[in-house]
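Report on the structure
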Amino acid sequence: VQLQASGGGLVQAGGSLRLSCAASGRTFSTYDMGWFRQAPGKEREFVAAIKWTGFSTAYAASVKGRFTISRDNAKNTVYLQMNSLKPEDTAVYYCAATGPSNTPVSSDVSRYEYWGQGTQVTVSS
């Protein structure tokens with residue numbers, strides 16, 4: 001699976017962005033997908049994940065209620081809708097894929113085998 005993230009940019013606090021991650025390969029629909037982010041000088045951290053079925057999701061506490069992950073298996077694409085953005089959301093955002101599996105959707109960065117190149121999100125105060 002090859003992943004290509006896009007949609008990042010500069011936005012003011014309180015604004016919104018939608019990230020997209022386009023995947024190649026016919027087996028995209030069998031992979032769990034996740035979004036992670038990494039700010040300068042910090043470890044890569046979990047943001048959100050969605051099961052291959054689309055029926056199970058998970059969010060980091062810091063983004064719950066503001067971010068929404070979704071997927072369109074017909075388009076081989078996963079999305080991250082980010083609302084009410086804060087300066088602390090500034091980071092490079094990465095999409096990742098793991099699976100297939102029957103285990104619950106994972107927030108563990110080490111579980112994800114395939115990674116996109118990242119897209120920069122900058123939130124100004």
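Anything mentioned here points back to the structure above.
Residues numbered from 1 in each chain as written. Predicted model: local features only at pLDDT ≥ 70, side-chain atom pairs only at ≥ 80, totals over all residues. Heavy atoms only, no water.

**What about the environment of Asn-83?**
Its place among the elements puts Asn-83 in the loop between β8 (77–82) and β9 (91–98). Under the relative-accessibility criterion, Asn-83 is labelled partly exposed at 29%. In sequence terms Asn-83 and Arg-18 are 65 residues apart; their C-alpha atoms lie 8.5 Å from each other. Filtering out sequence-adjacent residues up to four positions away, Asn-83 remains in contact with Gly-15, Ser-16, Arg-66 and Phe-67. (Helix = DSSP H or I, 4+ residues; strand = E, 2+ residues; numbered from the N terminus. Buried < 20%, exposed > 50% of the residue type's maximum accessible area, 1.4 Å probe, protein only. Contact = heavy atoms within 4.5 Å.)

**Structural notes on the environment of Arg-111**
Relative to the assigned elements, Arg-111 resides in the loop between β9 and β10 (114–115). Since its relative accessible area comes to 34%, Arg-111 is described here as partly exposed. Linking Arg-111 and Gly-41, residues 70 residues apart in sequence, is a C-alpha distance of 22 Å.

**Brief notes about the sheet that holds β8**
Strands sit in the order β1-β3-β8-β7 across an open sheet of four strands; the sheet is antiparallel. In this open sheet, the two strands that pair with only one neighbour each are β1 (3–6) and β7 (67–72). Taking each pair of neighbouring strands and ignoring which way they run, the sheet shows an average axis angle of 15°. Of the strand pairs in this sheet, β1 and strand β3 (residues 17–23) are connected by four bridges, and their pairing is antiparallel. In the strand pairing of β3, Gln-4 is matched with Ala-22. (Pairing = 2+ DSSP bridges. Axes fitted to C-alpha atoms, helices over the stretch in contact; angles between N-to-C directions.)

**Some remarks on the pattern of salt bridges**
Inspection of every chain in the model, using the stated rule, returns four salt bridges. The residue Glu-45 makes a salt bridge to Arg-37 at a minimum N-O spacing of 2.6 Å. By relative accessible area, Glu-45 is classed as partly exposed at 35%. (Salt bridge = Lys/Arg side-chain N within 4 Å of Asp/Glu carboxyl O.)

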